Amino acid sequence: VCFKGPLRAVAAVLVVGLTWLLASSLLGGDGSSVMKSFFSGETLDVSEPRPRKYKCGLSAPCPPKHLAFRLVSGAANVIGPKICLEDKILISSVKNNVGRGLNIALVNDVSDLLKFLRPLHEGTLVFVASFDDAATKLNEEARRLFEELGSTAVKELAFRDSWVFVGARGIDSKSPFEQRMKNSKTSNKYEGWPESLEMDGCIPLRSPLES
């Protein structure tokens, strides 16, 4: 009986295997795992582990007595904004509860907006994400109320500017959570609109939100 063909095949496999093990050892790889997978037929997962995501997609957890949040303004007049708080989506196109203008619990016109902002209690958090155009319907009183909540950008907010903001009733200084992208023909990402803004972070709890 002639075994030259099979023996040559086995020898070739062994040479390839030993060469792989040697190369893996020299390069710091795990050759044994590769060979086990080769002979067992198992699929070896060589993909890099995905970075862990925390509440609202943050890259790191918030410290105790802090709220995780993420705000994304609308993109042009096509993609709606998103507001996430403590891993719960409050406003998004998927939930079908966004509207053009200012998205604050779906308040978009001045009369309702003023009714919404005036009676806010001390320590109440206000999350704002613009969509399409948030400035046109903002009168002077509405802008002043947002300034009292800690906004510094609302005074200059203009037609189709992108804006995301987190403020609070009773804040002693300007809010650290605010971004504005000016509508400019020379820098707009979309035709007639600036790019969407995204902001996340950790908000310290304060009375009466603390539990």
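The structure under discussion appears in the preceding block.
Cut-offs and rules
- Residues numbered from 1 in each chain as written.
- Predicted model: local features only at pLDDT ≥ 70, side-chain atom pairs only at ≥ 80, totals over all residues.
- Heavy atoms only, no water.
- Pairing = 2+ DSSP bridges.
- Helix = DSSP H or I, 4+ residues; strand = E, 2+ residues; numbered from the N terminus.
- Axes fitted to C-alpha atoms, helices over the stretch in contact; angles between N-to-C directions.
- Core = buried A, V, L, I, M, F, W, Y, C linked by side-chain atoms within 4.5 Å.
- Buried < 20%, exposed > 50% of the residue type's maximum accessible area, 1.4 Å probe, protein only.
- Polar contact = N/O pair within 3.5 Å; in protein donor to acceptor, adjacent residues only side chain to side chain.
- Contact = heavy atoms within 4.5 Å.

Peer 1: I tried to follow the pairing of strand 2 (residues 82-85) on my own but got confused; where do I start?
Peer 2: Sheet topology note: the strand 1 (residues 66-72)/strand 2 ladder contains 4 bridges and is antiparallel. The partner of F69 across the bridge, within strand 2, is L85. Sheet topology note: the strand 2/strand 3 (residues 88-91) ladder contains 3 bridges and is antiparallel. If you follow I83 over to strand 3, its bridge partner there is I91. Between strand 2 and strand 3, which pair antiparallel in sequence order, lie 2 residues; one of them, E86, sits at a positive phi of approximately 50 degrees.

Peer 1: In this structure, what is going on with the sheet that holds strand 2? I would like to understand it.
Peer 2: Backbone hydrogen bonds hold the strands of a sheet together, and the pairing may be parallel or antiparallel. Spatial strand order, 3-2-1-8: 4 strands in an open sheet with antiparallel pairing. Among the strands making up the open sheet, the edge pair consists of strand 3 and strand 8 (198-204). Adjacent strand axes in the sheet meet at a mean angle of 20 degrees when their direction is disregarded.

Peer 1: Got a minute to help me understand the nonpolar core in this structure?
Peer 2: The nonpolar side chains of a soluble globular protein tend to be buried with one another. By size, the foremost hydrophobic cluster in this structure holds 20 residues, and its most contacted members are L102, L113, V128, L138, F146 and W163. Elements represented by at least two residues in this core include exactly helix 3 (110-117), strand 5 (125-131), helix 4 (140-148) and strand 6 (162-168). Core analysis: the second largest hydrophobic core is formed by 14 residues, L67, L71, V166 and L197 among them.

Peer 1: Quick question: what am I supposed to make of the side chain of D132 here?
Peer 2: Structurally, the position occupied by D132 is in the loop between strand 5 and helix 4. We classify D132 as buried; its relative accessible area is 15%. Side-chain polar atoms of D132 contact the side chain of W193, separated by 2.9 Å. Sequence-distant contacts of D132, defined by excluding residues within four places in its chain, comprise A76, N77, R100, R160 and W193.

Peer 1: Please clarify how the environment of I89 should be interpreted in this entry.
Peer 2: Locating I89 in the fold gives a position in strand 3. For I89, a relative accessible area of 35% corresponds to the partly exposed category. On a C-alpha basis, the gap between I89 and C56 in space is 8.2 Å, while along the polypeptide they are 33 residues apart. Residues within four places of I89 in sequence aside, it is in contact with K82, I83, C84 and K95.

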